[in-house]
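Notes for the structure review
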Amino acid sequence: ETVVLADHEGRKLLPSIVRYLPEGDVEVGYDAARSVTHDAENTIVSVKRFVGRSRADLKHLTNLPYRFSDEDAMLRIETVAGTKSPVEVSAEILKSLKDRAEEALGGELVGAVITVPAYFDDSQRQATKDAARLAGLNVLRLLNEPTAAALAYGLDEGAEGLYVIYDLGGGTFDVSVLRLNKGVFEVLATGGDSALGGDDFDHRIFCWAVQEAKLENILSSDDKQALLVACRAAKEALTTSEAAKLQVTLSNQTVDLTLTRDAFKSMTCHLVQKTIDAVKNVLSDAQLGTEDVKGVVLVGGSTRMPCVREAVRDYFGREPFCDIDPDKVVAIGASMQAN
């Protein structure tokens, strides 16, 4: 049986956030997440976007709070603890996971299977291996994330045909078409949107709350962060309820609003449609129609949103696979591959 290892607080996930402190200390995960608003330039979020990339590759990523340096062709980020490469930042995340695993399992790790997006090119895959080595991990294999998700559902055992992996995370959206033949997976086509994810849904609620509570121009950066946290909590509550309370005390007023599932659906329908458009593009690249697809696997915490599941079901005309926790499905598939 596959078990996802938890930290001391019982949390199974680790936010991909690393913060560098002046004395050379490093915070990773939830500890680092608290500093996103007040120490943005030293708190690196979603470093995966920078791995194996150059400055020129990041033209589409505007409004980043980081100071990038041009020492050489590879990207580097200037922090209070010195200049850091995306490989070094990634290594801190992997090191934290390695420590968690060794503590839980009571010994040294012999090796690890690490998952990467299917669209990662050679330089991105090599950078991932470099980060793992820097963290002291022996990489047994790099596994495509959609393949890992398919393994978790046991699609390698007897299933044949074409499967779509719909992966909506916090910051990115990826869609892949896999062909399964005699237990072997082949990635036929990939696509998505590297600037679309659950964070954008939170932001839509944030804009709605600012408008409803007439908060324009009066929010400090701490207020913005507090309101954003409340917006995310309301979004998550709507997964199981028809309405959610959005209550938060800011520095100069209290916000008390009610958000309904229908209102949330209408304010975010354009975001959901963007994901469906990306799916259409990938299918057309692979010269396939929805009738050619045998099943759809949902990956990523953002696929818990009822409006997302509904859109996927309506587009493909069938229920997607969503029995396994979408946050853990890729890790579960990776551990089955490691086994």
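To be clear, the structure that these remarks concern was listed above.
Residues numbered from 1 in each chain as written. Predicted model: local features only at pLDDT ≥ 70, side-chain atom pairs only at ≥ 80, totals over all residues. Heavy atoms only, no water.

Structural notes on empty space enclosed by the protein
This model, assessed by the stated rule, comprises 1 cavity of 30 Å³ or more. Space inside the largest cavity adds up to approximately 50 Å³. As for the largest cavity, its lining consists of P117, A118, Y119, E145, P146, I165, D167, D174 and S176. Here the lining of the largest cavity is composed, by residue class, of 5 nonpolar, 1 polar and 3 charged. (1 Å grid on protein atoms, 1.4 Å probe; cavity = no way out; pocket = protein on both sides within 12 Å on 5 of 7 lines; lining within 4 Å. Points joined across faces, edges and corners; volume = space filled by probe spheres on them. Nonpolar A, V, L, I, M, F, W, Y, C, P; charged D, E, K, R; others polar.)

Some remarks on the pairing of strand β10 (residues 173-181)
Most of β10 is tucked away, with 7 of its 9 residues classed as buried. Where strand β9 (residues 161-168) and β10 come together, 8 bridges link them in antiparallel fashion. Its bridge partner being in β10, Y163 is matched across the sheet by L178. Hairpin connection of β9 to β10: 4 residues between the antiparallel strands. (Buried < 20%, exposed > 50% of the residue type's maximum accessible area, 1.4 Å probe, protein only. Helix = DSSP H or I, 4+ residues; strand = E, 2+ residues; numbered from the N terminus. Pairing = 2+ DSSP bridges.)

Topic: the side chain of D7
With respect to the helices and strands, D7 occurs in the segment before β1 (17-20). One polar contact links the side chain of D7 to the main-chain amide nitrogen of R11, over a distance of 2.8 Å. (Polar contact = N/O pair within 3.5 Å; in protein donor to acceptor, adjacent residues only side chain to side chain.)

Focus on the pairing of β9
By the criterion of burial, β9 is predominantly enclosed, with 7 of the 8 residues buried. Note: β9 against strand β14 (residues 293-299), 6 bridges, orientation parallel. Directly across from L162, in β14, lies its bridge partner V293.

Some details on the packing of helix α4 (residues 145-152) against helix α9 (residues 329-338)
For any two helices packed against each other, one specifies the inter-axial angle together with the distance between the axes. For the pair α4 and α9, the least separation of the axes is 7 Å and the interaxial angle reads 80°. Classified by the interaxial angle, the pair formed by α4 and α9 is roughly perpendicular. Contacts from E145, A148, A149, L151 and A152 of α4 reach α9 at V329, V330, I332, G333, A334, M336 and Q337. Broken down by class, the residue content of the contact of α4 with α9 amounts to 9 nonpolar, 2 polar and 1 charged. (Axes fitted to C-alpha atoms, helices over the stretch in contact; angles between N-to-C directions. Parallel < 35°, antiparallel > 145°, perpendicular 65-115°, else oblique. Contact = heavy atoms within 4.5 Å.)

A word on helix α5 (residues 198-212)
Its 15 residues place the ends of α5 21 Å apart at the C-alpha level, agreeing with the 21 Å of an ideal helix rising 1.5 Å per residue. Within α5 the residues assigned to the buried category are G198, F201, D202, I205, F206, W208, A209 and V210. (Expected span 1.5 Å × (residues − 1).)

Re the pattern of salt bridges
In this structure the tally under the stated criterion is 22 salt bridges. Between K95 and E92 there is a salt bridge whose closest N-O contact spans 4.0 Å. With K95 and E92 both in helix α2 (residues 86-105) and 3 residues apart, the pair spans about one turn of that helix. Here D202 ties to R232 by a salt bridge, and the two come within 2.7 Å at their closest N and O atoms. In this pair, D202 is assigned in helix α5 and R232 in helix α6 (residues 221-237), connecting sequence segments 30 residues apart. Using a relative accessible area of 1% as the deciding quantity, one classes D202 as buried. Here the salt bridges share partners, and the residues they tie into one network are R304, D325, D327 and K328. (Salt bridge = Lys/Arg side-chain N within 4 Å of Asp/Glu carboxyl O.)

What about the nonpolar core?
Membership of the largest hydrophobic core comes to 49 residues, with the highest contact counts inside it found for Y166, L227, L246 and F264. When residues in this core are grouped by element, the largest group, 9 residues, is from helix α7 (residues 261-285). Setting aside anything within four residues of it in sequence, one finds Y166 in contact with F173, D174, T275, V279, V296, V297, L298, V299, T303, V308 and V312. (Core = buried A, V, L, I, M, F, W, Y, C linked by side-chain atoms within 4.5 Å.)

Digging into the layout of surface pockets
Volume-wise, the second largest pocket comes out at about 320 Å³. Taken together, 14 residues line the second largest pocket, and the ones lying closest to its centre are D7, H8, S96, R100 and E103. Secondary structure elements with two or more residues in the lining of the second largest pocket: α1 (30-33) and α2. Looking at which element gives the most residues to the lining of the second largest pocket, the answer is α2, with 5 residues.

Quick word on the packing of aromatic side chains
Applying the stated rule across the entire model yields 8 aromatic pairs. An aromatic cluster is built from F50, Y66 and F68, whose rings are joined through pairwise contacts. Sitting above the plane of the Y30 ring, R11 keeps its charged end 3.9 Å from the centroid. (Phe/Tyr/Trp six-rings, centres within 6.5 Å; stacked < 30°, edge-to-face > 60°. Lys NZ or Arg CZ within 6 Å of the ring centre and 35° of its normal.)

With respect to the sheet that holds strand β11 (residues 184-193)
The sheet built from 4 strands is open, its strands ordered β11-β10-β9-β14 with mixed pairing. Each edge of the open sheet is held by one strand with a lone partner, namely β11 and β14. When the angles between neighbouring strand axes are averaged without regard to direction, this sheet yields 20°. In the packing of α7 onto the sheet, the strands contacted are β9, β10, β11 and β14, and the crossing angle to β10 comes to about 35°.

Observations concerning the packing of α5 against α6
Across the interface, α5 lies against α6 with an axial gap of 9 Å and an inter-helix angle of 110°. It follows from the interaxial angle that α5 and α6 lie roughly perpendicular. Of the two elements, α5 crosses α6, and the hand of that crossing is right-handed. In this structure, α5 uses G198, D199, F201, D202, I205, F206, A209 and V210 to contact α6, whose residues at the interface are K224, L227, L228, C231, R232 and K235. In terms of residue class, the contact of α5 with α6 is built from 8 nonpolar, 1 polar and 5 charged. (Left-handed = near helix turned anticlockwise from the far one by under 90°.)

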